Amino acid sequence: MNFQELNYILCIAKHQNLTKAAQELYISQPTLTKYLQRLEREVNGKLFVRSGNSYTATYLGRRYMEYAKKILAVNQDWEKELQDLTSYNEGELNIAFPLMRSSCMVPQIMTVFHKQYPGVRVNLREETYAIQEKLLLDDQLDFAIFNEAKPHPKLEYETLLKEEVLLVMPKGHPLASLGVKKDGKEYPWIDLRLLGQEPFILHFPEQTTGQIALELFEKYGIYPSVPIRTRNTVTCVKLCQKGMGLCFIPENYMKNIELQEPPLCFSVGDEGAFSTLTIAFRKGAYLPAYARDFIRIAQQNL
């Protein structure tokens, strides 16, 4: 096995097509075919079953790829540690953020991080939870930041932020006066049961804020109309300001979006409603000093 062959086989499995794999690898299809044929002779077995132009991994192929991923992960960790020992704070980080959250998180974190580590290149991606987790497990990311995380046995997690989810109303709303001040609360508190007849603009149920909203509605026995759903938090707030309905938004997001006129925000729930922002990385992965500091800076600046 060599690293080049490992990557070639994994790329064929990824695309299940020799032409697409060759295009990604920047080699010709005949060259890739020869690599595959030579390797299959060396292992004395077929790594893929061909059906037309589709290549499906055999059991031997799947086992080969399991070891290939382990070998490449160990090599990746060694390269990071070697770079950490010799590069004088130079390196690279690949990080995925939740959809619609990077705009209010990245400036806070990167301003501090880049000042401390100007030689570290950071590649940012916005992805859904499922895609983030897959990329992380495939060693295509150093970190993934989740709104909520369902623990995976191959990943480690650290909490970045526990933030309140706020109810948002447009200024001048007739029910705004129902908010009451409570000790220890930054925002006035409002009883959700008083809002059952109001329309709400919600995130989709698979999004954290959308799920929290539905759980609150069920807990307080209200079934408001939901004329609009969107994945975009800024859209939620702007529609709310136009009088289209009430909405929910994480506090950190509310503090960092730019609006001509901020809306009214309220705490809800007996103890408040909260979501947790988590950073995840591959269990056992080597984290260079700048990667560990990225986590620290994120925790201190969100």
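Below is a short write-up of the structure.

Procedures and definitions
Residues numbered from 1 in each chain as written. Predicted model: local features only at pLDDT ≥ 70, side-chain atom pairs only at ≥ 80, totals over all residues. Heavy atoms only, no water. Helix = DSSP H or I, 4+ residues; strand = E, 2+ residues; numbered from the N terminus. Rg over C-alpha atoms; globule rule 2.2 N^0.38 Å. Contact = heavy atoms within 4.5 Å. Areas by Shrake-Rupley, 256 points an atom, 1.4 Å probe, with all protein chains shown as cover. Lys, Arg positive; Asp, Glu negative; His and termini not counted. Charge placed at Lys NZ, Arg CZ, Asp CG, Glu CD. Salt bridge = Lys/Arg side-chain N within 4 Å of Asp/Glu carboxyl O. Buried < 20%, exposed > 50% of the residue type's maximum accessible area, 1.4 Å probe, protein only. 1 Å grid on protein atoms, 1.4 Å probe; cavity = no way out; pocket = protein on both sides within 12 Å on 5 of 7 lines; lining within 4 Å. Points joined across faces, edges and corners; volume = space filled by probe spheres on them. Nonpolar A, V, L, I, M, F, W, Y, C, P; charged D, E, K, R; others polar. Polar contact = N/O pair within 3.5 Å; in protein donor to acceptor, adjacent residues only side chain to side chain. Core = buried A, V, L, I, M, F, W, Y, C linked by side-chain atoms within 4.5 Å.

Focus: the overall build of the protein
Helices and strands together make up the secondary structure of the protein, namely 10 helices and 11 strands. In terms of overall size, the protein is more extended than a compact globule, its C-alpha atoms giving a radius of gyration of 24 Å where 302 residues would be expected to give roughly 19 Å. Principal axes of the C-alpha set define a box for the protein whose edges measure 75 × 50 × 35 Å. Within the protein, contacts between residues at least 6 apart in sequence are counted, and of these 72% link residues at least 24 apart. About 16,200 Å² of surface is accessible on the protein, with carbon and sulfur atoms providing 51% of the total. Separation between the mean location of the 35 positive side-chain charges and that of the 35 negative ones in the protein comes to 5 Å.

Focus: the pattern of salt bridges
Per the counting criterion, the structure on display carries 17 salt bridges. Between Arg38 and Glu42 there is a salt bridge, with its nearest N and O atoms 3.8 Å apart. With Arg38 and Glu42 both in helix α3 (residues 29–43) and four residues apart, the pair spans about one turn of that helix. A relative accessible area of 33% means that Arg38 is categorised as partly exposed. What you see here is one network of salt bridges that share partners, running through Glu5, Arg38 and Glu42.

Some words on the environment of Phe294
Considering the arrangement of structural elements, one finds Phe294 in helix α10 (residues 289–301). Along the chain, Phe294 and Phe113 lie 181 residues apart, while their C-alpha atoms are 6.6 Å from each other. Leave out the neighbours within four places in its chain, and Phe294 touches Leu93, Ile95, Phe97, Ile109, Met110, Phe113, Phe143 and Ile279.

Here's the deal with empty space enclosed by the protein
For the structure on display, the rule yields two cavities of 30 Å³ or more. In terms of lining residues, the largest cavity is bounded by 14 residues, among which Lys80, Leu141, Asp142, Ala285 and Leu287 are the most central. Elements with a contribution of two residues or more to the lining of the largest cavity: α4 (59–86) and β11 (274–282). Along the lines of polarity and charge, the residues of the lining of the largest cavity split into nine nonpolar, one polar and four charged. Of the pockets and cavities examined, the second largest cavity occupies roughly 50 Å³. In this structure, the second largest cavity is lined by Glu5, Tyr8, Ile9, Ile12, Leu32, Tyr35, Leu36 and Leu39. Those elements that provide at least two residues to the lining of the second largest cavity are α1 (3–15) and α3.

Brief notes about the environment of Asp191
Structurally, Asp191 can be placed in the loop between β6 (155–169) and β7 (201–202). A relative accessible area of 16% means that Asp191 is categorised as buried. A polar side-chain atom of Asp191 sits 3.0 Å from the main-chain amide nitrogen of Arg193.

So, the nonpolar core
If you look at the biggest cluster of nonpolar residues, it comprises 41 residues, and the most contacted ones within it are Leu93, Phe113, Phe143, Leu160 and Phe294. Ignoring sequence-local partners within four residues, the contact set of Phe113 consists of Leu93, Val120, Val122, Tyr290, Phe294 and Ile297. Core analysis: the next-biggest nonpolar cluster, separate from the first, contains 21 residues, Leu167, Ala176, Phe200 and Ala213 among them.

As for the layout of surface pockets
Each pocket or cavity is described by its volume, and for the largest pocket that value is around 950 Å³. Every residue lining the largest pocket is counted, 27 residues in all, and those nearest its centre are Asn7, Leu72, Asp138, Asp139 and Gln140. Within the residue set of the lining of the largest pocket, elements represented by two or more residues are α1, α2 (18–25), α4, β3 (91–98) and α6 (129–137). Of the residues in the lining of the largest pocket, the class split is 11 nonpolar, six polar and 10 charged.

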